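Structural features, examined
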Amino acid sequence: MNLEPLLLRLDRIAGGSRASERIAEEARTHPRTVRAFRAVTILLLIELVLGIVAVVIALVLLGRGEHVPLSVWTRSVVVLGMTATLFYFSWRAQLGWSWGYSRLRLFSKIFPVVTLVLAAVPGFYPVWMITEQIIFSLILIGVADYLDSDHMRDTFRRPTPPATVRD
């Protein structure tokens, strides 16, 4: 079963005006590009494990009869959803889709800010969840750092439109 037509439709929604832009194959397979995406994938896997561990901790606490706030459950589900979305963006970017890189780069900068702001709200999360959020943010900052390298920004640079000639 070929899912690519369905994924291309999803790409049009997620990619917006850049949905059809792809980088050159030699840029996509360049060793520095491959190395950067390998590191990003490892960091996202760590994020996934961190999200799963948060759910397990919440379940263990609940099993002990402790109150687990709704904010913890919501955060846990959101983190797993965000991580899945970031994996999708990364996968599409690794295939050369510029929009995937653009979205991954944007959200790897926005999510840590939002996460740290929420962690700073007194009493909103238990201390263990605040620690998880700080680690989550630091890892995403690492993802952003790989994506912001000169090589990656040059690789996924928006093509310049052809100059128009006026009479």
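Refer to the preceding data block for the structure.
Heads up: these notes are all about the structure in this document. (Residues numbered from 1 in each chain as written. Predicted model: local features only at pLDDT ≥ 70, side-chain atom pairs only at ≥ 80, totals over all residues. Heavy atoms only, no water.)

1. Brief notes about the overall build of the protein chain
- Of the regular secondary structure elements, the protein chain holds seven helices and zero strands.
- Dimensions of the protein chain, computed from C-alpha atoms along their principal axes, come out at roughly 75 × 40 × 35 Å.
- Burial status across the protein chain gives 38% buried among its 167 residues.
- At a minimum sequence separation of 6, the contacts of the protein chain that also span at least 24 residues come to 78%.
- In the protein chain, 18 positive and 13 negative side-chain charges are present, and the distance between their average locations comes to 2 Å. (Helix = DSSP H or I, 4+ residues; strand = E, 2+ residues; numbered from the N terminus. Buried < 20%, exposed > 50% of the residue type's maximum accessible area, 1.4 Å probe, protein only. Contact = heavy atoms within 4.5 Å. Lys, Arg positive; Asp, Glu negative; His and termini not counted. Charge placed at Lys NZ, Arg CZ, Asp CG, Glu CD.)

2. So, the nonpolar core
- The biggest cluster of nonpolar side chains holds 27 residues, and the ones touching the most others in it are F37, L86, L104, F136, V143, L147 and M152.
- At the level of elements, α3 (31-63), α4 (70-94), α5 (98-119) and α6 (127-147) are the ones that each hand at least two residues to this core.
- Each residue touching V143, except ones within four places of it in the same chain, is listed here: V40, L43, L44 and S108.
- Residues A54, V68, V72 and Y125 belong to the second largest nonpolar core, which totals seven residues. (Core = buried A, V, L, I, M, F, W, Y, C linked by side-chain atoms within 4.5 Å.)

3. Some points on the pattern of salt bridges
- All chains considered together, the criterion is met by six salt bridges.
- Measuring nitrogen to oxygen at the nearest pair gives 3.0 Å for the salt bridge that ties K109 to D148. In this pair, K109 is assigned in helix α5 and D148 in the loop between α6 and α7 (150-155), connecting sequence segments 39 residues apart.
- Judged by relative accessible area, which is 38%, K109 ranks as partly exposed.
- For D150, the salt bridge identified is with R153, shortest N-O distance 2.5 Å. A residue pair is termed a helical-turn pair when its members lie 3 or 4 positions apart in one helix, as D150 and R153 do in helix α7 at three residues.
- Given the relative accessible area of 31%, R153 is considered partly exposed. (Salt bridge = Lys/Arg side-chain N within 4 Å of Asp/Glu carboxyl O.)

4. Examining α5
- The end-to-end C-alpha distance of α5, which contains 22 residues, comes to 32 Å, matching closely the 32 Å that a straight helix rising 1.5 Å per residue would cover.
- Regarding α5, the residues found buried are S98, W99, G100, Y101, L104, S108, F111, P112, T115 and A119.
- Contact partners of the buried residues in α5: α1 (4-15), α3, α4, α6 and α7. (Expected span 1.5 Å × (residues − 1).)

5. Focus: a nonpolar patch on the surface
- There is a patch of nonpolar side chains on the surface, built from L106, I110, V114, L118, V121 and F124 and spanning about 450 Å² of accessible area.
- Residue position: V114 is located in helix α5.
- Since its relative accessible area comes to 45%, V114 is described here as partly exposed. (Patch = residues over 30% accessible without salt bridge, like charges linked within 9 Å, V, L, I, M, F, W, Y side chains within 5 Å. Areas by Shrake-Rupley, 256 points an atom, 1.4 Å probe, with all protein chains shown as cover.)

6. Some points on the environment of R157
- In this structure, R157 sits in the segment after α7.
- Once the C-alpha coordinates of R157 and S98 are considered, the two residues, 59 residues apart in sequence, prove to be 8.2 Å apart.
- Only 2.3 Å separates the side chain of R157 from the side chain of D154, close enough to count as a polar contact. (Polar contact = N/O pair within 3.5 Å; in protein donor to acceptor, adjacent residues only side chain to side chain.)

7. What to know about the packing of aromatic side chains
- With the rule as written, the count across this model stands at eight aromatic pairs.
- Summarising the aromatic geometry, the rings of F89 and F107 are spaced 5.8 Å apart at their centres and angled 20 degrees between planes, so their arrangement reads as stacked. Placement of F89 in helix α4 and of F107 in helix α5 is noted, with a sequence separation of 18 residues between them.
- For F89, a relative accessible area of 7% gives the class buried. (Phe/Tyr/Trp six-rings, centres within 6.5 Å; stacked < 30°, edge-to-face > 60°.)

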